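# Structure assessment
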Amino acid sequence: MKKISGLLGIALLIALVAVTGQKAVAQSALKVDTKTSKVYWNAKKVTGEHSGLLSVADGTVYVQDEKITGASINLDMNTIDCTDLEGEWKDKLIGHLKSDDFFSVEKHPKATFAIKSVTKDGAQHKVVGDLTIKGIKHEISFPAEVKVEGDKLTANGTATVDRTKYDIRYGSGKFFEGLGDKMIYDTFDIRFELVASSSAEVSKP
């Protein structure tokens, strides 16, 4: 009887180690493909709006059982671009966005989004994470379409961000009176098309 109990104990121990090992192997780290991933921004003011692009510097998405368990994505703020203007007006806007009135790019060249959870929400997913801009971190959440197939992930979604939470007050009616048609709305949208895989291409520094 003791011999049988001992054998059962060993068998259970082996099974436990095997299961634990499987779980450890199941989680993988996928590199964000900085060549094909896209980040778009759109900001509105009383008299109109502006749109543009922003490059992903680097990032890693952690996946287990075809579900996202976490991620850290860095955005290169030096790559802020405007797609609805040209020439001098475009250069002026980009320069202003990089200045201390907005994103203080010289002091804070990167913004970071760290995913805390991704849960199924009807036909889509709900993404929750911490967005850090100018060294200031706040939690945001937004709906997204997420697809994981083997070692490849694609995700698309749009987040609405309140810029005043990140000490970006220029032209905000919340802090300045009498702005009239020069007022800029406090929220802006970030739309992303994210691709990550075990063999992702990354931009060279």
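Preceding this section is the structure that the text describes.
Description of the structure in this document. The model shown is predicted, which means the values in this text are computed figures rather than measured ones.

Moving on to the environment of D189. Within the element layout of this structure, D189 appears in strand 9 (residues 184-197). Between the C-alpha atoms of D189 and K44, which are 145 residues apart in sequence, the distance is 9.2 Å. Aside from chain neighbours lying at most four places away, what touches D189 is Y40, W41, N42, T158, A159 and T160. Only 2.8 Å separates the side chain of D189 from the side chain of T160, close enough to count as a polar contact.

Let's shift gears to the pairing of strand 3 (residues 48-64). In this sheet, strand 3 lies alongside strand 1 (residues 28-32) in antiparallel orientation, the contact comprising four bridges. Opposite S28, over in strand 3, you have V63 as the bridge partner. Relative to strand 3, strand 2 (residues 38-45) runs antiparallel, the two sharing seven bridges. Bridge pairing in strand 3 places N42 opposite S51. Between strand 2 and the antiparallel strand that follows it, strand 3, lie two residues. Sheet topology note: the strand 3/strand 4 (residues 67-82) ladder contains 11 bridges and is antiparallel. When the sheet's bridge partners are listed, S55 is paired in strand 4 with D76.

Another point: the environment of G129. For G129, the location among the structural elements is in strand 6 (residues 124-133). When its relative accessible area of 0% is taken as the criterion, G129 is described as buried. For G129 and I115, which are 14 residues apart along the polypeptide, the C-alpha to C-alpha distance reads 4.1 Å.

Glancing now at the layout of surface pockets. Its boundaries defined by the atoms lining it, the largest pocket holds a volume of some 760 Å³. For the largest pocket, the lining is made up of 33 residues, of which H50, L93, L97, F102 and I184 are closest to its centre. Elements that contribute at least two residues to the lining of the largest pocket include exactly strand 2, strand 3, strand 4, helix 2 (87-98), strand 6 and strand 9. Residue composition of the lining of the largest pocket, grouped by class: 22 nonpolar, five polar and six charged.

The rules we used
Residues numbered from 1 in each chain as written. Predicted model: local features only at pLDDT ≥ 70, side-chain atom pairs only at ≥ 80, totals over all residues. Heavy atoms only, no water. Helix = DSSP H or I, 4+ residues; strand = E, 2+ residues; numbered from the N terminus. Contact = heavy atoms within 4.5 Å. Polar contact = N/O pair within 3.5 Å; in protein donor to acceptor, adjacent residues only side chain to side chain. Pairing = 2+ DSSP bridges. Buried < 20%, exposed > 50% of the residue type's maximum accessible area, 1.4 Å probe, protein only. 1 Å grid on protein atoms, 1.4 Å probe; cavity = no way out; pocket = protein on both sides within 12 Å on 5 of 7 lines; lining within 4 Å. Points joined across faces, edges and corners; volume = space filled by probe spheres on them. Nonpolar A, V, L, I, M, F, W, Y, C, P; charged D, E, K, R; others polar.

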